[in-house]
Amino acid sequence: DQVELYYKNVSSGQWVAINTTANASQLYYNWTNIPTAAVSYPSKTQIRIKTVDDPSVQATDDSDLFYIYPYIRMDYPNAGGVVWNVTETRQINWTLYGPMDKAGIWYNNSSGWNLLTPGGGTGISASSGQWTWSGIGAQYVNENCQLVIAMYEGNDTAPIQPSDASDNNFSIRGKMSITRPTE
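Residues numbered from 1 in each chain as written. Predicted model: local features only at pLDDT ≥ 70, side-chain atom pairs only at ≥ 80, totals over all residues. Heavy atoms only, no water.

**Student:** Please set out the overall build of the chain residue by residue, giving values where relevant.
**Tutor:** Summing up its helical and strand segments, the chain has zero helices and 14 strands in all. Reading the chain from its N end, one meets helices and strands in the order β-β-β-β-β-β-β-β-β-β-β-β-β-β. The globule rule puts the C-alpha radius of gyration for 183 residues at 16 Å, and the 23 Å found for the chain is more than 25% above it. By principal-axis analysis of the C-alpha atoms, the chain measures approximately 90 × 30 × 25 Å. When each of the 183 residues of the chain is scored for burial, the buried share is 35%. Long-range contacts, defined here as pairs at least 24 residues apart, represent 63% of the contacts in the chain between residues at least 6 apart. For the chain, the exposed surface amounts to about 10,700 Å²; the carbon and sulfur share of it is 46%. Of the side chains in the chain, 10 bear a positive and 16 a negative charge, and the two mean positions are spaced by 11 Å. (Helix = DSSP H or I, 4+ residues; strand = E, 2+ residues; numbered from the N terminus. Rg over C-alpha atoms; globule rule 2.2 N^0.38 Å. Buried < 20%, exposed > 50% of the residue type's maximum accessible area, 1.4 Å probe, protein only. Contact = heavy atoms within 4.5 Å. Areas by Shrake-Rupley, 256 points an atom, 1.4 Å probe, with all protein chains shown as cover. Lys, Arg positive; Asp, Glu negative; His and termini not counted. Charge placed at Lys NZ, Arg CZ, Asp CG, Glu CD.)

**Student:** Give a description of the sheet that holds strand β5 (residues 71-76) that names residues and reports values.
**Tutor:** Taking strand neighbours across the sheet as the criterion, the three strands line up as β5-β7-β11 in an open arrangement whose pairing is antiparallel. Each having just a single partner strand, β5 and β11 (130-133) make up the two edges of the open sheet. Direction aside, the axes of adjacent strands within the sheet are offset by 25° on average. Bridge analysis of strand β7 (residues 90-97) against β11 gives four bridges, and the strand direction is antiparallel. Paired with I92 across the strands is W131, a residue of β11. (Pairing = 2+ DSSP bridges. Axes fitted to C-alpha atoms, helices over the stretch in contact; angles between N-to-C directions.)

**Student:** Can you lay out the pairing of strand β8 (residues 102-108) for me, pointing to particular residues and giving the numbers?
**Tutor:** Among the seven residues of β8, six are classified as buried, and the element is accordingly described as predominantly covered. Where β8 lies against strand β10 (residues 124-125), two bridges are found, and the strand directions are antiparallel. Each residue of the ladder has a partner; that of A103, found in β10, is I124. Pairing of β8 with strand β12 (residues 142-151) involves six bridges; the strand directions are antiparallel. Along β12, the bridge assignment pairs W106 with V148. Two strands pair when backbone bridges link them, and β8 and strand β9 (residues 113-115) are joined in this way by three bridges, in the antiparallel orientation. For N108, the partnering residue across the bridge sits in β9 and is W113.

Read these as geometric descriptors, not functional statements.
Written as structure tokens, this is what we have:
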């Protein structure tokens, strides 16, 4: 037996097919490669299941509404061995899949999360895919730094979902300039 699976973003009210030939005997369906059009946050999503043999037999449960969040991925810094120096300007890059208004970049050096991005609680444009950290301060010096890009709602005290952390720690080191002697 086969079933048809649909989703509906509650705010749009339109049912969209996920799979119209799913195997009913498996009793589950693993929805992979969810399209960005299915992202529903801040609205909720609903699932409907119909039998192929008799479409009048269907199940929709209003009590099981859920969110489909966008996906955000930290691109740089992400690799091991990255070393930055204080006073430098570095660009932080990420990729966003689906709609998201604001993002925040969080810094952790094993002592807790601190919001890096400015704006007085307004966050930065999530769709821009980049933010420039100008003049990295001495207070960030550490050999085990980590950054997280996360959705930002304005009063967050730590990264919220969706978010993605740099895969590897990186270093921020002090910088010494010798001005004398010149020869």
